[in-house]
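The chain contents come next:
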Amino acid sequence: MALQRLSGWGRTAWTVADLVHTNDVSEMKQVINQSGARGVIARGLGRSYGAASQNAGGSVLEITAEGDPHGIDALLDSTTGVLDVASSVSLDSILRMSVPRGWFVPVTPGTRFVTVGGAIASDVHGKNHHFDGSFGQHVSSITLLLASGEVVELTPRLNPEWFWATVGGMGLTGIILRARVSMLPIESSRVRVETERLTNFDAVCEAMSSDGADNDYRYSVCWIDLLATGPSMGRGVLTRGEHASAADVKDDDVLAYDPRLKVPAPSWVPNGLLNKWSIKAFNEVWYRKAPGSRHVSIESIPQFFHPLDGVHQWNRLYGNQGFIQYQFIVPLDRIDVLRAVIETFSSAGVASFLAVLKRMGPQNLSPMSFPTEGWTLTLDIAAGIKGLPELLSRVDNMVLDAGGRHYLAKDSHVSPTAVRRGYPRLDEWMHTRDAMDPNGLWRSDLARRLGLVSAQHTRGNE
Ligand SMILES: Cc1cc2nc3c(=O)[nH]c(=O)nc-3n(C[C@H](O)[C@H](O)[C@H](O)COP(=O)(O)OP(=O)(O)OC[C@H]3O[C@@H](n4cnc5c(N)ncnc54)[C@H](O)[C@@H]3O)c2cc1C
């Protein structure tokens, strides 16, 4: 056990906890038994942006397999594509093993450096949500360590309440030890990508609408230039893709996969490097670089799915003030609100290095899973910008009044009321959570801030 300063990927709200790195269940039980009033939370690779895997003054169990000398604890059935995997294993490790054998993860977020435990706990989504749903929908069983020390097997058929409370449950139902995940068969390690520049917000919405051709593509996402104003407001670059067939690929080894990290980010960067002017310049180049009319290319998996992973620790580019990631969703028919939000950001001159729009498919059975049918916009914004909290609170209200919500894995800003309004099944989930953890062992900084753990379970003199 060692006291350690921890933050999320946004590097904003640092707190200190007793950090224990272990993949051993008896060691985990020991930490549980010795935990104090501030309880315990699991941590994967720390890629959630806010404080989901932090626990100020309490214990944090870091469950990762990076550098494990025994190799990765994952067994892939090449006939069925079912992967039996330890929660500590990252999608990066899985892909290195599975792609050359013709299998891809069913859902990947924008980084492959997340653990299976983190992917289930946040019920992560990818560019294919409208097509395949989120990660939890491809999980057929979860092995969970409860607060009592008991290890249980959860499946969507045998114990649906506990299974779906754990999917999207932000680590607050127990420690995910293992899972069985259905993988996607692929013929090649490349992606056939169509890229198209869209001149304004209306063109973007039309191209991505649910009754158009967008449904024919497994992967679809649009980068938005948030600083464009006037007739160009909401302009973007739409990329859509599908795994390339063997015939699409010219190389001899159609399943070759070599995701090398390229450049490291500098270890020190001044605050304000990514500002309105540098981002405006970047946006202009990025927009102009995209083809004026639809263009087809063959890209590698890292190029298409994980471009940011090419820069090691790119989160340091925001300087020591860190940054906020803000992700919300509004229902499909509230394009008016989406437009108003984009106008609000662009007229305030809020610069986002990465503003991404995606149309999501229907919600799954998890009460706390973020995706629901609608439009989700994700923004990176440097922390410390004057007036930012007030601006975001205004946007929060626009989102919530429209029946939308915010993504907890990204959050470091919203209020407990916003979560209550955005997640109408919160009480039902808390009821199940309390049954799984009657003494309120599992707690995180995020859970305390947003009131995700019942007040009656405040432990000792917390
Ligand atoms: C560049 C980048 C791009 C991203 N793109 C996307 C995206 O496209 N879609 C998306 O959905 N998300 C995205 N994310 C967010 C990321 O996928 C999630 O935050 C994910 O949960 C991180 O996994 P992790 O292993 O780093 O977990 P952590 O960040 O360490 O923890 C996240 C949550 O999982 C819980 N947890 C972790 N391990 C376990 C376990 N073994 N048992 C129980 N609970 C556990 C933690 O308690 C915490 O609540 C992105 C993040 C980054 C940095």
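This one's a predicted model, so the numbers in the text were calculated from it and none came from an experiment.

Caption draft 1: Spotlight on the overall build of the chain. When helices and strands are tallied, the chain shows 13 helices and 21 strands. Computed over its C-alpha atoms, the radius of gyration of the chain comes to 21 Å, within 12% of the 23 Å expected for a compact globule of 462 residues. Looking at the chain residue by residue over its 462 residues, the buried ones come to 59%. For the chain, restricting intrachain contacts to residue pairs at least 6 apart in sequence, the fraction spanning at least 24 positions comes to 73%. Of the roughly 18600 Å² of accessible surface on the chain, 53% is carried by carbon and sulfur atoms. Averaging the locations of the 44 positively and 48 negatively charged side chains of the chain gives two centres separated by 5 Å.

Caption draft 2: The packing of helix α9 (residues 335-348) against helix α10 (residues 388-401), seen in detail. The interhelical angle for the contact between α9 and α10, taken along N-to-C directions, is 170°, at an axis separation of 10 Å. One element, α9, and the other, α10, form an angle in the roughly antiparallel class. Two secondary-structure elements touch here, α9 through V337, A340, V341, T344, F345 and A348 and α10 through L391, L392, R394, V395 and M398.

Caption draft 3: Highlighting the domain arrangement of the chain. Along its sequence, the chain is organised into domain 1 (2-64 + 424-457), domain 2 (74-185) and domain 3 (190-415). For domain 1 versus domain 2, the separation of C-alpha centres amounts to 19 Å. Every contact between the two is made by 28 residues of domain 1 and, on the other side, 26 residues of domain 2. Buried area between domain 1 and domain 2, both sides added, is near 2100 Å², and the carbon and sulfur share of it is 77%. Three residues stand out in domain 1 for area buried against domain 2, namely W429, M436 and W442, and they jointly supply 32% of the buried area on that side. At the junction of domain 1 and domain 2, the tally comes to zero salt bridges. Counting every contact that joins domain 1 to domain 2 gives four residue pairs in polar contact (both at pLDDT 80 or more). The biggest single contributor to the side of domain 1 that touches domain 2 is helix α12 (residues 426-436), with five residues. Residue classes in the side of domain 1 that touches domain 2 are distributed as 18 nonpolar, five polar and five charged.

Caption draft 4: Quick look at the nonpolar core. F104 and L452 are the most contacted members of the largest nonpolar core, which has 88 residues in total. No other element matches strand β10 (residues 175-182), which puts five residues into this core. Discounting residues that sit within four places of it in the chain, F104 has contacts with L95, V99, M183, L184, I186, Y219, H243, I301 and F305. Counting 34 residues, the second largest nonpolar core, distinct from the first, contains A207, L226, L238 and Y326.

Caption draft 5: Representation of the packing of aromatic side chains. For the structure on display, the rule yields 12 aromatic pairs. Ring geometry for W9 and W314: centres 5.9 Å apart, planes at 70°, overall edge-to-face. Taken together, the positions of W9 in the loop between β1 (2-6) and β2 (15-21) and W314 in the loop between β17 (311-312) and β18 (323-331) put the pair 305 residues apart, joining distant regions of the chain. Like W9, the residue W314 is buried in the burial classification. Judged by centre distance (5.7 Å) and plane angle (85°), the rings of Y49 and F323 are edge-to-face. Here F323 lies in strand β18 and Y49 lies in the loop between β3 (40-43) and β4 (59-62), a separation of 274 residues in the sequence. Each member of the pair, Y49 as well as F323, carries the same accessibility label: buried.

Caption draft 6: Just the sheet that holds strand β6 (residues 82-86), in detail. The five strands lie next to each other as β5-β6-β10-β8-β9, forming an open sheet whose pairing is antiparallel. Two strands in the sheet have a free side with no partner beyond their single neighbour: β5 (74-76) and β9 (151-154). Mean inter-strand twist for the sheet, computed between neighbouring axes without regard to direction, equals 10°. Inspection of the sheet shows strand β8 (residues 139-145) paired to β10 by six bridges, in the antiparallel sense. In the sheet register, V139 faces β10, and the bridge partner there is V181.

Caption draft 7: Representation of the environment of V237 within the structure. Within the element layout of this structure, V237 appears in strand β14 (residues 236-243). If near-sequence neighbours (up to four positions away) are discounted, V237 is found in contact with T195, E196, V221, C222, W223, W286, Y287 and A290.

Caption draft 8: Highlighting the state of the cysteines. If you walk through the whole model with that rule in mind, you get zero disulfides. For the unlinked cysteine C222, the closest cysteine sulfur is that of C205, found at 9.0 Å. The buried category is assigned to C222, whose relative accessible area is 0%.

Definitions and limits used
Residues numbered from 1 in each chain as written. Predicted model: local features only at pLDDT ≥ 70, side-chain atom pairs only at ≥ 80, totals over all residues. Heavy atoms only, no water. Helix = DSSP H or I, 4+ residues; strand = E, 2+ residues; numbered from the N terminus. Rg over C-alpha atoms; globule rule 2.2 N^0.38 Å. Buried < 20%, exposed > 50% of the residue type's maximum accessible area, 1.4 Å probe, protein only. Contact = heavy atoms within 4.5 Å. Areas by Shrake-Rupley, 256 points an atom, 1.4 Å probe, with all protein chains shown as cover. Lys, Arg positive; Asp, Glu negative; His and termini not counted. Charge placed at Lys NZ, Arg CZ, Asp CG, Glu CD. Axes fitted to C-alpha atoms, helices over the stretch in contact; angles between N-to-C directions. Parallel < 35°, antiparallel > 145°, perpendicular 65-115°, else oblique. Domains from an automatic or database assignment. Buried area = accessible area lost by both parts, 1.4 Å probe. Salt bridge = Lys/Arg side-chain N within 4 Å of Asp/Glu carboxyl O. Polar contact = N/O pair within 3.5 Å; in protein donor to acceptor, adjacent residues only side chain to side chain. Nonpolar A, V, L, I, M, F, W, Y, C, P; charged D, E, K, R; others polar. Core = buried A, V, L, I, M, F, W, Y, C linked by side-chain atoms within 4.5 Å. Phe/Tyr/Trp six-rings, centres within 6.5 Å; stacked < 30°, edge-to-face > 60°. Pairing = 2+ DSSP bridges. Disulfide = S-S within 2.5 Å.

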